[in-house]
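Structural features, examined
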Amino acid sequence: MGKISNQHLIEKLTAKYGEQISAISEPYGLLTFEATRTVISDLLAFLKNDEELKFNFLTDITAIHYPEKENALGVIYHLHSFYNNVRIRIKVFIPVSDPTIPTATVLWDGANWMERETFDFFGIQFIGHPDLRRILNVDDMTVFPMRREYPLEDPNRVDKKDYFFGR
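Read on for a plain summary of the structure. Residue numbers run consecutively from 1 along every chain, following the written order of its sequence. Two thresholds apply to this predicted model, a pLDDT of at least 70 for residue-level local features and 80 or more for giving and counting side-chain atom pairs, whereas whole-chain, interface and lining totals are computed over all residues. Side-chain numbers come from the whole structure's heavy atoms, not from hydrogens or water.

Describing the overall build of the chain
Helix and strand definitions here come from DSSP, where helices need a minimum of 4 consecutive H or I residues and strands a minimum of 2 consecutive E residues; each element is numbered from the N-terminal end. Summing up its helical and strand segments, the chain has three helices and seven strands in all. Scanning the chain from its N terminus toward the C terminus, one meets helices and strands in the order α-β-β-α-β-β-β-β-α-β. Along the first, second and third principal axes, the C-alpha set of the chain runs to 65 × 40 × 30 Å. Accessibility here uses a 1.4 Å probe with only protein chains present; expressed as a share of the type maximum, an area under 20% marks a residue as buried, one over 50% as exposed, and anything in between as partly exposed. Counting every position in the chain, which comprises 167 residues, the buried fraction comes to 41%. Intrachain contacts of the chain at a sequence separation of at least 6 include 54% that bridge at least 24 residues. Surface accessibility of the chain: about 9,800 Å² in total, with carbon and sulfur atoms responsible for 53%. What makes two residues a contact is simply this: any of their non-hydrogen atoms within 4.5 Å. Areas reported here follow the Shrake-Rupley algorithm with a probe of radius 1.4 Å; residue values treat only the protein chains shown as occluding.

Listed below in structure tokens is the structure:
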């Protein structure tokens, strides 16, 4: 049981996946990289089942929305190897016009509710999920509240008008 360096992880992953791994960085020491939607299932299985790496714990699945980007939706995975005491973050960017990505429930049962929450708030369809439906918002809701598609403030608010502040 020893800690694997980020450099060793990068070397091992780029040897196996090459150009399918990109944007490698280490903010605050947390190895972070981007992968493609086509390789994510294989990559997660490799990280979990590799005899040396053993990323056995799925800490979180969430998403982010960058409306100015071509692939505006990002699905973000946080994994932890208890054996090696190391964590990693994987990002997969996909277009809003096709918000689909394979499910991780085949690897971790805990992915079930994480993917449902990510679907509920960002509208990302996890292909192969056993029960993909809203988890916190009402079922008949037609929008995804965490997408940045709406103005941040109500333009009709009167309490923020300049004349109240002598402007």
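As for the sheet that holds strand E3 (residues 57–65)
Spatial ordering of the open sheet is given by E1-E2-E5-E4-E3, a layout of five strands whose pairing is mixed. Where the open sheet ends on each side, the last strands, each with one partner, are strand E1 (21–25) and E3. Each neighbouring strand pair of the sheet contributes to a mean axis angle of 20 degrees, computed without reference to strand direction. Here the rule is simple: two strands pair whenever DSSP picks up at least two bridges between them. Bridge count between strand E4 (residues 73–81) and strand E5 (residues 86–94): nine bridges; the pairing is antiparallel. When the sheet's bridge partners are listed, His80 is paired in E5 with Arg87. Its contacts with the sheet place helix H2 (residues 40–49) against E1, strand E2 (31–35), E4 and E5, and it is angled at close to 175 degrees to E5. To get an axis, a line is fitted to the C-alpha atoms, and for a helix only the part in contact is used. The angle between two axes follows their N-to-C directions and goes from 0 to 180 degrees. Of the strands in this sheet, E3 and E4 are in contact with helix H3 (residues 111–122), which crosses E3 at around 5 degrees.

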